[in-house]
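These are the residues of each chain, in order.
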Amino acid sequence: MVFAPVTRIGHLLILLPATRWGGTEAHTAALAARLAAQPGLRVTLAAEPALLASLHAASPARLVPAAIGWQQGEEPARNMARQQAEATRLIEGLAPDLLLVPLPWPNAGLGLLRAAAQASLPRLVVAHLVPHGAPPPEVTEALPQLGAAGTTWCAVSSPGERRVEACFGLPRGRVAVIDNPAPPPPTADPALLRAGLRASLGLHADAPLLLFVGRLERGKGAQLLPGIAAAAGMTLACAGSGPLGAMLERQAAARPGGWFRMLGQLPDPTPWYLAADALVLPSLLEGLPLVFLEAAAAGCPLVATEAAMEGLGDAAPDLAWLVPDATVPLFAAAVRDLMADPAGRAAIAARARAEAARRSWDRILPGWLGLLRAAASNAHHPEPPAWQPA
């Protein structure tokens, strides 16, 4: 859908400081695609060369390679200096009117923000995932150089909003909230997918099947997945990549045909959402998880930690089967309870599907356009959007 022309921004430059593909990157690509379709708005998306193929598949926006990813294992000062130099080069060469900086973690774009401040260029910073507690020390040290007066802030959930304020020393009400969107409901036949994908795993069409989709790291609870599958006595198919991938591959290979199976990185996990009985999300921290919204749109119920669903607020217990802590016994018991309650499982799936249906891009995009206009016109204290879900 195309909205009223964006008259105050000629050229938007998106600086994506990521080194891997995940929820922040998928959201950024989808947003860039929709912004690029707006009359009067030219969009350029800069990212690490390794991400360009995935970004190209997800977005028609103009893409440029740039060494702006925050590299784990590299000293913060070196990360910031490299980012600042690359961002300065891009700003001078492309002459954008506004920057959009999506942050997968609070420290990820510090050098980019220093370059924007030095160029006196307005910017919208979107915080996708922010930890509890004290901010990374490099964030605190860099704050005086980030040019707070030229920055408009956004978070993807209310808990994230409060943590962004604490992390970057912002006054209350400075951070707008725009909830993540959900994809449209898939149209494929779940019964055919259920039988076909189970057959690909050597399972009967009626065999229970659990699913995990996400980054294979401890923050997502990926190390628990083989244990959850074995303790629940149900096959768990795992899709994703990450630092725990090799370890999980070895565990799956040690028991061929066992409870735990590796699917690798899926370009589109939708068929598996349609085929699985439940998605598991044993995360220690999430923003407003896109994987939940994807599964919900496909009618796949979720078993998740309370921490993973905090972005849904008081509605979370109605939208997922919640587990207080990310442990194997608790998750295995929750999965067994869910599978033993078909009516409850169907009710959770129906409520989650309705939640996903009200979070379409068509509904959410006007908020992004308004926030970009506010950032471009130096409206540094945006009110929470009127369309924001209660």
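These numbers come from a predicted model, not from an experiment.

What counts as what
Residues numbered from 1 in each chain as written. Predicted model: local features only at pLDDT ≥ 70, side-chain atom pairs only at ≥ 80, totals over all residues. Heavy atoms only, no water. Helix = DSSP H or I, 4+ residues; strand = E, 2+ residues; numbered from the N terminus. Rg over C-alpha atoms; globule rule 2.2 N^0.38 Å. Buried < 20%, exposed > 50% of the residue type's maximum accessible area, 1.4 Å probe, protein only. Lys, Arg positive; Asp, Glu negative; His and termini not counted. Charge placed at Lys NZ, Arg CZ, Asp CG, Glu CD. Pairing = 2+ DSSP bridges. Axes fitted to C-alpha atoms, helices over the stretch in contact; angles between N-to-C directions. Contact = heavy atoms within 4.5 Å. Phe/Tyr/Trp six-rings, centres within 6.5 Å; stacked < 30°, edge-to-face > 60°. pLDDT = per-residue confidence, 0-100. Parallel < 35°, antiparallel > 145°, perpendicular 65-115°, else oblique.

**Brief notes about the overall build of the protein chain**
Counting its secondary structure elements, the protein chain contains 15 helices and 13 strands. The C-alpha radius of gyration of the protein chain comes to 21 Å, within 12% of the 21 Å expected for a compact globule of 390 residues. The principal-axis extent of the C-alpha atoms belonging to the protein chain is close to 60 × 45 × 35 Å. Out of the 390 residues in the protein chain, the part that is buried amounts to 55%. If the 30 positive side-chain charges of the protein chain are averaged to one point and the 30 negative ones to another, these points end up 3 Å apart.

**Looking at the environment of Leu 266**
Structurally, Leu 266 can be placed in the loop between strand 10 (260–264) and helix 10 (270–275). Taking the C-alpha atoms as reference, Leu 266 lies 27 Å from Pro 131; in sequence the two are 135 residues apart.

**Description of the sheet that holds strand 4 (residues 98–103)**
Spatial ordering of the open sheet is given by 3-2-1-4-5-6-7, a layout of seven strands whose pairing is parallel. The open sheet terminates on both sides in strands that have one partner only, identified here as strand 3 (62–65) and strand 7 (175–177). Neighbour-to-neighbour, the strand axes of this sheet turn through a mean angle of 25°, independent of strand direction. Of the pairings in the sheet, the one linking strand 5 (residues 123–127) to strand 6 (residues 151–155) comprises five bridges and is parallel in character. Across the sheet, residue Leu 124 finds its bridge partner in strand 6, namely Thr 152. Sheet contacts for helix 4 (residues 110–118): strand 1 (11–15), strand 4 and strand 5; angle to strand 5, the most-contacted strand, approximately 160°.

**A word on the packing of aromatic side chains**
Evaluated as defined, the whole model comprises one aromatic pair. Consider the rings of Trp 153 and Phe 168, whose centres lie 4.5 Å apart with planes at 40°: the pair is tilted. Of this pair, Trp 153 sits in strand 6 while Phe 168 is found in helix 6 (residues 158–168), placing the two residues 15 residues apart along the sequence. Given a relative accessible area of 6%, Phe 168 falls into the buried group.

**A few points about the confidence of the model for the protein chain**
Note that predicted coordinates carrying low pLDDT should not be read in detail. On average, residues of the protein chain carry a pLDDT of 91, and 95% of them reach 70 or more. Taken as a whole, residues 1–7 scores under 50 in pLDDT and shows 21 contacts with residues more than four places along the chain or in a different chain.

**Structural notes on the packing of helix 1 (residues 23–36) against helix 15 (residues 361–376)**
Taken N-terminus to C-terminus, the directions of helix 1 and helix 15 make an angle of 80°; their axes are 11 Å apart at the nearest point. Between helix 1 and helix 15, the angle is such that the two are roughly perpendicular. Contacts between helix 1 and helix 15 pair His 27, Ala 30, Leu 31, Arg 34 and Leu 35 from the former with Trp 361, Leu 365, Trp 368, Leu 369 and Leu 372 from the latter.

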